[in-house]
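Results of the structural survey
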Amino acid sequence: MAIGRGHLLDLESLSAEEITTILDTTRTFREVIDRDIKKVPTLRGITVVNLFFEPSTRTRISFELAEKRLSADTVNFSKATSSVQKGESLKDTIQNIEAMRTDMVVIRHSSPGAAHYLTQCCNSAVINAGDGSHAHPTQALLDIFTIREKYKRIKDLRVLIVGDIKHSRVARSNIWGLKKLGAQVAICGPSTLLPYEVEKMGVEVFTDIDEALEGVDIVNILRIQLERQDAGFFPTLREYTELYGINMERLKKLNAGFTILHPGPMNRGVEISDEVAEHSDAVILEQVTNGVAVRMSVLYLLMHKEPVSVSEGVEV
Amino acid sequence: MAEKKVLKEILDTESVARTIKRMAHEIIERNRGVEDMAVIGIRTRGAILAERIVAAIEEIEKISLPLGLLDITLYRDDVHSRLEQPLVQKTEIIFRVANKVVILVDDVLFTGRTARSALDAIIDFGRPKCIQFAVLVDRGHRELPIRADYVGKNIPTSLDERVVVKMQEEDGSEGVYLEKTVEE
């Protein structure tokens, strides 16, 4: 099955069937990473470039492990140590790397649309690992996979996403993916951190957390992005914790058998209390484990080898 | 000129059952029992056959052998030349493969490439004492130096023919057929 016309840029452009295919395939790879020998030869001979223009721990390591467990060759690029510092453009950067016969690209960039732009200036299969506040499809897929493994379904589950929705690509991708699979999605945060006209995405919108938590199955707690708060969206961190922080008291409002998700990195004591982070129904580390399997699944389904055209053939 | 596909029956339901029983006896005889034995079937129809062989051995020896199901998609040698990725199913091998006598089961032995992939996949789980290969049908035309230890039926074929194995669980009927394309 072909997924997203050969690239994974966001979940908005995928059908429910395509998302389901990725999730089903992920179960296979989840089994692979639990083996003694956590490696299969599937991507042998394929070279994957990890282009990271923004800092990242989890996503970068997760992609690199996924690639290695599929036996791909990997090249890691980080902005700080590259010619981007000398002013080389994104287009020139990718075309030069691709000239060395690489096959797939994973990109993390601060500009929304960077991954899409890349598909127009290179021949590789492109996987978006986060572009500004636009999309972070593999994070949403691993969140949805984690939920689906526990509940065996997505349809009709009530999911609440709490925090800085405005700056969150994780929230956007989760909303698209969950809605397509039939979940009821609600969001909650200070009104300054809710995107304009967000209700058009088909979500319920709350500004009162205690009201929002009523009758919810799954809470996905977003990180307060301290690096994006210079504009003064809320007065103080303490006030945010007071009004929106998830603590043990607030968990009581949830449906029985609830689940806590957090995409990481956590600001303990800000958006999530220590006790909630360590709660037995928090699946935060499970999400990280599943992340590798989800990325293996996406790499496998998009696997694409750059054909060497005759005109470019090696001259002897 | 129209082309038509005709099926010729090679084995019917009863013959398939008898063949599986005979193969179970051969496996026990050759290994002088079923000590440290495990059976692994290649999805989809090899897995069903493996289940049947385990059941047949249990009937004879009163021992239920560990059964594993293997999806070899991730080990195929033609992944780069295909336009679309085949869907992968889960591999389920929950026992330790190390030091076991592994009976690998598939429906049809043809080029030998599937068997090659399966051998690689099993060895990634550990180092078995040995691997023996059981197939319901051997149709010839090997492209790799691979042979089966237990063969249900040898069917001489030409390359433009196709061997069709139907299993109750997967196809709703059972039997082995040779499919020929003839011009009308």
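Here the structure is a predicted model, which is why all the values come from computation and not from measurement.

**Let's talk about the overall build of chain B**
- In terms of regular secondary structure, chain B is built from 4 helices and 8 strands.
- For chain B, the sequential pattern of α-helices and β-strands runs β-α-β-α-β-β-α-β-β-β-α-β.
- The dimensions of chain B, computed from C-alpha atoms along their principal axes, are 55 × 40 × 30 Å.
- Expressed as a percentage of the 184 residues in chain B, the buried residues total 49%.
- Taking all contacts inside chain B whose residues are at least 6 apart in sequence as the whole, residues at least 24 apart take part in 71%.
- Accessible surface computed for chain B: about 9600 Å², of which carbon and sulfur atoms make up 47%.
- Of note, chain B has its 28 positive side-chain charges centred 3 Å away from the centre of its 33 negative side-chain charges.

**A closer look at the pattern of salt bridges**
- On inspection of all chains with the given rule, the structure shows 31 salt bridges over all chains.
- A salt bridge links Glu169(B) to Arg52(B); its shortest N-O distance comes to 2.9 Å. In this pair, Glu169(B) sits in helix α4 (residues 168-171) while Arg52(B) sits in helix α2 (residues 45-61), placing the two residues 117 residues apart along the sequence.
- Exposure remark for Arg52(B): the relative accessible area of 21% places this residue in the partly exposed category.
- Of the charged contacts in the structure, one is a salt bridge between Arg147(B) and Asp149(B), with a shortest N-O distance of 3.0 Å.
- The class for Arg147(B) is exposed, based on a relative accessible area of 57%.
- Each member of the salt-bridge network shares a partner with another, and the members are Arg30(A), Asp34(A) and Glu286(A).

**Notes on the nonpolar core**
- Judged by nonpolar contacts, the single largest core of 86 residues is most densely connected at Phe29(A), Met104(A), Ile127(A), Leu141(A) and Leu70(B).
- No other element matches helix α11 (residues 284-302) of chain A, which puts 9 residues into this core.
- Domain assignment of the residues forming this core places at least three in each of domain 1 (4-136 + 290-302) and domain 2 (137-287) of chain A.
- Setting aside its immediate chain neighbours within four residues, Ile127(A) contacts Leu8(A), Phe63(A), Met104(A), Val105(A), Val106(A), Ile107(A), Thr138(A), Val298(A), Leu299(A) and Leu302(A).
- Listed in part, the 32 residues of the second largest apolar core include Ala24(B), Met37(B), Val39(B) and Ala134(B).

**Examining helix α3 (residues 113-123) of chain B**
Residues and elements named next belong to chain B.
- Within the sequence span of α3, burial applies to Ala 115, Ser 117, Ala 118, Ala 121 and Ile 122. Projected onto a plane normal to the axis of α3, the buried residues spread over an arc of 160° and lie on a single side.
- Where α3 is buried, its residues touch β2 (37-42), β3 (67-70), β4 (101-109) and β5 (130-138).

**Side note on the sheet that holds strand β7 (residues 162-166) of chain B**
Residues and elements named next belong to chain B.
- Taken in spatial order, the 3 strands of this open sheet run β1-β8-β7, and their pairing is antiparallel. The open sheet has two edge strands with one neighbour each: β1 (3-11) and β7. Each strand of the sheet is rotated relative to its neighbour by a mean of 30°, with strand direction disregarded.
- Along the sheet, helix α1 (residues 13-31) contacts β1 and β8 (175-183); its crossing angle with β1, the most-contacted strand, is approximately 50°.

**Side note on the domain arrangement of chain A**
Residue and element names in this part refer to chain A.
- By domain assignment, chain A separates into domain 1 (4-136 + 290-302) and domain 2 (137-287).
- Using only C-alpha atoms to locate each centre, domain 1 and domain 2 end up separated by 25 Å.
- Between domain 1 and domain 2, the residue contacts involve 34 residues of the former and 28 residues of the latter.
- Each partner contributes to the roughly 2600 Å² buried at the junction of domain 1 and domain 2, and carbon and sulfur atoms together form 60% of this total.
- By the criterion of area lost to domain 2, the three top residues of domain 1 are Leu 11, His 136 and Asn 290, representing 28% of everything that side buries.
- Where domain 1 meets domain 2, there are 4 salt bridges.
- A salt bridge links Asp 24 to Arg 148; the shortest N-O distance between them is 2.8 Å.

**With respect to the environment of Thr102(A)**
Residues and elements named next belong to chain A.
- Inspection of the secondary structure assignment puts Thr 102 in the loop between α3 (90-98) and β3 (104-109).
- The buried category is assigned to Thr 102, whose relative accessible area is 4%.
- When the C-alpha atoms of Thr 102 and Ala 186 are compared, they prove to be 41 Å apart, with 84 residues separating the residues in sequence.

**Some details on helix α2 (residues 58-69) of chain A**
All names here are of chain A.
- Spanning 12 residues, α2 covers 16 Å between terminal C-alpha atoms, matching the ideal 16 Å at 1.5 Å per step.
- Within α2, burial applies to Thr 59, Ser 62, Phe 63, Glu 64, Ala 66, Glu 67 and Arg 69.
- Once α2 finishes, Ser 71 follows within two positions and takes phi at roughly 70°, a positive value.

**Some remarks on the sheet that holds β3(A)**
Residue and element names in this part refer to chain A.
- Pairing is parallel across the open sheet formed by 4 strands, whose spatial order is β2-β1-β3-β4. In this open sheet, the two strands that pair with only one neighbour each are β2 (73-78) and β4 (125-131). Sheet twist, expressed as the mean angle between neighbouring strand axes with direction ignored, is 15°.
- Taken strand by strand, α2 contacts β1 (47-52), β2, β3 and β4, and its axis lies near 180° from that of β1.

**Overview of the environment of Asp217(A)**
Residue and element names in this part refer to chain A.
- Assignment of secondary structure puts Asp 217 in the loop between α7 (209-212) and β8 (218-221).
- Of the residues examined, Asp 217 reaches a relative accessible area of 13% and is grouped as buried.
- Distance from Asp 217 to Asp 156, taken between C-alpha atoms, is 9.9 Å for residues 61 residues apart in sequence.
- Within the structure, the side chain of Asp 217 is placed 2.9 Å from the backbone nitrogen of Arg 158, a separation counted as a polar contact.
- Polar contacts involving the side chain of Asp 217 include one to the side chain of Asn 255, which spans 3.1 Å.

**Side note on the interface of chain A and chain B**
- Each side of the interface is counted separately: chain A has 22 residues, and chain B has 17 residues.
- When the two sides are added together, the surface that chain A and chain B hide from each other amounts to roughly 1800 Å², 56% of it contributed by carbon and sulfur.
- On the surface where chain A and chain B come into contact, there are 1 salt bridge.
- Measuring nitrogen to oxygen at the nearest pair gives 2.9 Å for the salt bridge that ties Asp36(A) to Arg96(B).
- Along the contact surface separating chain A from chain B lie 5 residue pairs in polar contact (both at pLDDT 80 or more).
- Elements with a minimum of two residues in the side of chain A that touches chain B: α1 (16-33) and α11 of chain A.
- It is α1(A) that provides the largest number of residues to the side of chain A that touches chain B, a total of 7 residues.
- For the side of chain A that touches chain B, a count of residues per class yields 11 nonpolar, 4 polar and 7 charged.

Parameters and conventions
- Residue numbers run consecutively from 1 along every chain, following the written order of its sequence.
- The lettering of chains begins at A and the numbering of ligands begins at 1, in the order of writing.
- Reporting in this predicted model follows two pLDDT cut-offs: at least 70 for local features of residues, and 80 or more for side-chain atom pairs to be given and counted; totals over whole chains, interfaces and linings ignore these cut-offs and use all residues.
- The side-chain quantities take in all heavy atoms of the structure and omit both hydrogens and water.
- The helix and strand labels rest on DSSP assignments: H or I over at least four residues marks a helix, E over at least two residues marks a strand, and numbering proceeds from the N terminus.
- We call a residue buried when its accessible area falls under 20% of the maximum for its residue type, exposed when it is over 50%, and partly exposed in between, using a 1.4 Å probe and counting protein chains only.
- Contacts are assigned to residue pairs that have any heavy atoms within 4.5 Å of one another.
- Shrake-Rupley sampling with a 1.4 Å probe provides the accessible areas, and residues are treated as covered by the protein chains on show and by no other component.
- Asp and Glu count as negative and Lys and Arg as positive, but His and the ends of the chain are not part of the count.
- Here the site of a charge means atom NZ of a Lys, CZ of an Arg, CG of an Asp or CD of a Glu.
- By convention in these notes, a salt bridge is any Lys or Arg side-chain nitrogen within 4 Å of a carboxyl oxygen on Asp or Glu.
- Residues belong to one nonpolar core when they are buried, are Ala, Val, Leu, Ile, Met, Phe, Trp, Tyr or Cys, and are joined through side-chain atoms within 4.5 Å.
- Note: domain ranges come from an automatic or database domain assignment.
- This arc corresponds to the set of directions leading from the helix axis out to the C-beta atoms.
- Strands qualify as paired when DSSP identifies two bridges or more between them.
- Helix axes are fitted to C-alpha atoms over the stretch in contact, other axes to C-alpha atoms as well, and angles between N-to-C directions run from 0 to 180 degrees.
- Simply put, the buried area is the total loss of 1.4 Å probe accessible area from both parts when two parts are fitted together.
- Expected span, for any helix, means 1.5 Å times one less than how many residues it has.
- In protein, a polar contact requires one atom able to donate a hydrogen and another able to accept it; more generally it is a pair of N or O atoms within 3.5 Å, and residues adjacent in sequence count only if both atoms are side-chain atoms.
- Basically, the charged four are Asp, Glu, Lys and Arg, the nonpolar ten are Ala, Val, Leu, Ile, Met, Phe, Trp, Tyr, Cys and Pro, and anything else, Gly included, counts as polar.

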